[in-house]
Amino acid sequence: QVQLQESGPGLVKPSQTLSLTCTVSGGSILEKYYWSWIRQSPEKGLEWIGVITYSGSTYYSPSLKSRTSISRNTPKNEFSLQLSSVTPEDAATYYCARAQYSSSWYEYDYWGKGTQVTVSS
């Protein structure tokens, strides 16, 4: 059973950078999947942030690209999200997930439990 677990601070101050890590067990981030970050809030619902592929390529939501960086640490079998210049609009529950890319869409088969992030001074 593949498991993903998010970790990181639950509170970030405005203008600072949010850093989250997803640790993968039961599988390798080198397997041919798309390792994804997604967030959810009452205002926006589910919002795709971006992915890092098994080969290390990254793709980001156009609306977040300028502030987003996704990286990986293969020896630790984890991948991370950095979102800079956060505002209260970035408050959400952040999920990491595994996805396949099939016929021009992503199919998510495993999700982390999510971690709630609050943006407040």
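None of the values given here were measured: they were computed from a predicted structure. (Residues numbered from 1 in each chain as written. Predicted model: local features only at pLDDT ≥ 70, side-chain atom pairs only at ≥ 80, totals over all residues. Heavy atoms only, no water.)

Visitor: Go over the state of the cysteines, please, and point to the residues and values.
Guide: Counted by the stated rule, this structure contains one disulfide. The disulfide partner of Cys22 is Cys96, and the gap between their sulfur atoms is 2.1 Å. For the disulfide bridge between Cys22 and Cys96, the dihedral angle about the S-S bond is near 70°, and by the sign convention the bridge is right-handed. Note that Cys22 is positioned in strand 3 (residues 18-25) and Cys96 in strand 9 (residues 92-102), a separation of 74 residues in sequence. Residue class for Cys22 comes out buried when judged on its relative accessible area of 0%. For Cys96, a relative accessible area of 0% corresponds to the buried category. (Disulfide = S-S within 2.5 Å. Helix = DSSP H or I, 4+ residues; strand = E, 2+ residues; numbered from the N terminus. Buried < 20%, exposed > 50% of the residue type's maximum accessible area, 1.4 Å probe, protein only.)

Visitor: Outline the nonpolar core, supporting the account with residue identities and numerical values.
Guide: Formed by 25 residues in total, the largest nonpolar core has its most connected members in Leu4, Leu18, Val24, Trp35, Trp37, Phe79 and Tyr94. Among the elements of the structure, strand 3, strand 4 (34-41), strand 5 (45-53), strand 8 (78-83), strand 9 and strand 11 (115-119) are those that each provide at least two residues to this core. Per-element tally for this core: the top contributor is strand 3, with four residues. (Core = buried A, V, L, I, M, F, W, Y, C linked by side-chain atoms within 4.5 Å.)

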